[in-house]
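Descriptive analysis of the structure
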Amino acid sequence: MWKIIEHKNPRHKQEIEVKSLLNEMSIYSYASYAEQFESHFKILVKDIPASNGFTAENQYKVTPRNHKSLEVWKLTAAGDFKTKMWTLNFVENEN
């Protein structure tokens with residue numbers, strides 16, 4: 001399971017939909033490594049509708065920090081890093 005740390009509260013529809021996708025992925029994703037999670041995110045984020053002409057696929061980027069942690073960034077129109085939105089850390093099952 002992935003634990004989400006929120007750095008910026010989502011306010012816009014597309015931000016909320018990306019957060020919802022991350023919540024779902026954090027619970028149900030088979031990925032136990034950041035690289036797997038990143039690949040899966042790239043596939044699923046394509047289904048989020050465009051907002052103001054920008055697709056979520058081009059607005060958000062997942063960057064691995066290490067094998068068990070990653071960051072989700074909101075990008076500028078030029079594709080540069082703008083705002084760190086969330087950090088996700090993999091935690092082993094505590095059952």
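Right, let's walk through the structure included here. Note that residues are indexed from 1 along each chain, following the sequence as it is written. Totals for whole chains, interfaces and linings use all residues, but because this is a predicted model, local features are given only for residues with pLDDT of at least 70 and pairs of side-chain atoms are given and counted only at 80 or more. Only hydrogens and water are removed before side-chain values are computed, so all heavy atoms of the structure are retained for them.

Each helix and strand in the protein was counted, giving 3 helices and 4 strands. Across the protein, helices and strands are ordered from the amino to the carboxyl terminus as β-α-α-α-β-β-β. With C-alpha atoms as the basis for the radius of gyration, the globule rule is written as 2.2 Å multiplied by the number of residues raised to the power 0.38. Its C-alpha atoms give the protein a radius of gyration of 13 Å, within 12% of the compact-globule value 12 Å for 95 residues. Each principal axis of the C-alpha atoms in the protein carries an extent, and together these give about 45 × 25 × 20 Å. Of all 95 residues assigned to the protein, the portion counted as buried reaches 38%. Throughout, a contact is declared for two residues whenever any of their heavy atoms are within 4.5 Å. Nonlocal contacts in the protein, meaning residues at least 24 apart in sequence, comprise 50% of its contacts between residues at least 6 apart. Note that accessible areas follow from Shrake-Rupley with a 1.4 Å probe, and for residues the cover is restricted to the protein chains shown. Of the roughly 5,900 Å² of accessible surface on the protein, a fraction of 49% belongs to carbon and sulfur atoms. A distance of 5 Å separates the average location of the 13 positive side-chain charges in the protein from that of its 12 negative side-chain charges. What counts as a helix is a DSSP run of H or I of at least four residues, what counts as a strand is a run of E of at least two, and both are numbered from the N terminus. For every residue, the accessible area (1.4 Å probe, protein chains only) is compared with the maximum for its type, and the residue is labelled buried under 20%, exposed over 50%, or partly exposed between those bounds. The sign given to each residue is positive for Lys and Arg and negative for Asp and Glu; His and the chain ends receive no count. Lysine's charge is taken at NZ, arginine's at CZ, aspartate's at CG and glutamate's at CD.

For a helix, the expected span equals 1.5 Å multiplied by the residue count minus one. Between its first and last C-alpha atoms helix 1 (residues 13-28) spans 22 Å; for 16 residues at 1.5 Å apiece the expected length is 22 Å, and the two agree. When helix 1 is considered as a whole, its buried residues turn out to be Q14, E15, V18, K19, L21, L22, M25 and S26. In a view along the axis of helix 1, the buried residues occupy a sector of 160 degrees, so they form one face of it. Across helix 1 from its buried face, at more than 90 degrees, point the exposed residues K13, I27 and Y28. Where the residues of helix 1 are buried, they touch strand 1 (2-6), helix 2 (34-44), helix 3 (56-59), strand 2 (60-66), strand 3 (69-75) and strand 4 (81-90). To obtain the arc, one takes the directions from the helix axis to the C-beta atoms.

Before going further, it helps to spend a moment on the pairing of strand 3. Regular strands have side chains that alternate between both faces of the sheet. The buried fraction of strand 3 is high, at 7 of 7 residues. Here, strands pair whenever DSSP counts at least two bridges between them. Counting the residues between successive antiparallel strands, the hairpin from strand 2 to strand 3 contains 2 residues. Remark: 5 residues form the turn of the hairpin made by strand 3 and strand 4, two consecutive strands paired antiparallel; G79 in that turn has positive phi of roughly 90 degrees.

Each Phe, Tyr or Trp ring (for Trp, its six-membered ring) is paired with any other whose centre lies within 6.5 Å, and the angle between the two planes then decides the class: stacked below 30 degrees, edge-to-face above 60, tilted in between. Per the stated rule, a full pass over the model turns up 3 aromatic pairs. Ring plane angle 65 degrees and centroid distance 5.2 Å describe the contact between W73 and F81, whose orientation is recorded as edge-to-face. An aromatic cluster of at least three residues, connected via ring pairs, comprises W2, F37 and F90. Sitting over the ring of Y33, K68 keeps its end group 4.3 Å from the ring centre. Here, a charge over a ring means that NZ of Lys or CZ of Arg falls within 6 Å of the ring centre while also lying within 35 degrees of the ring normal.

It is worth spelling out the environment of S39 at this point. Among the secondary structure elements, S39 is positioned in helix 2. For S39, a relative accessible area of 42% translates into the label partly exposed. Put simply, S39 and V62 are 23 residues apart on the chain and 9.0 Å apart in space, counted from C-alpha to C-alpha.

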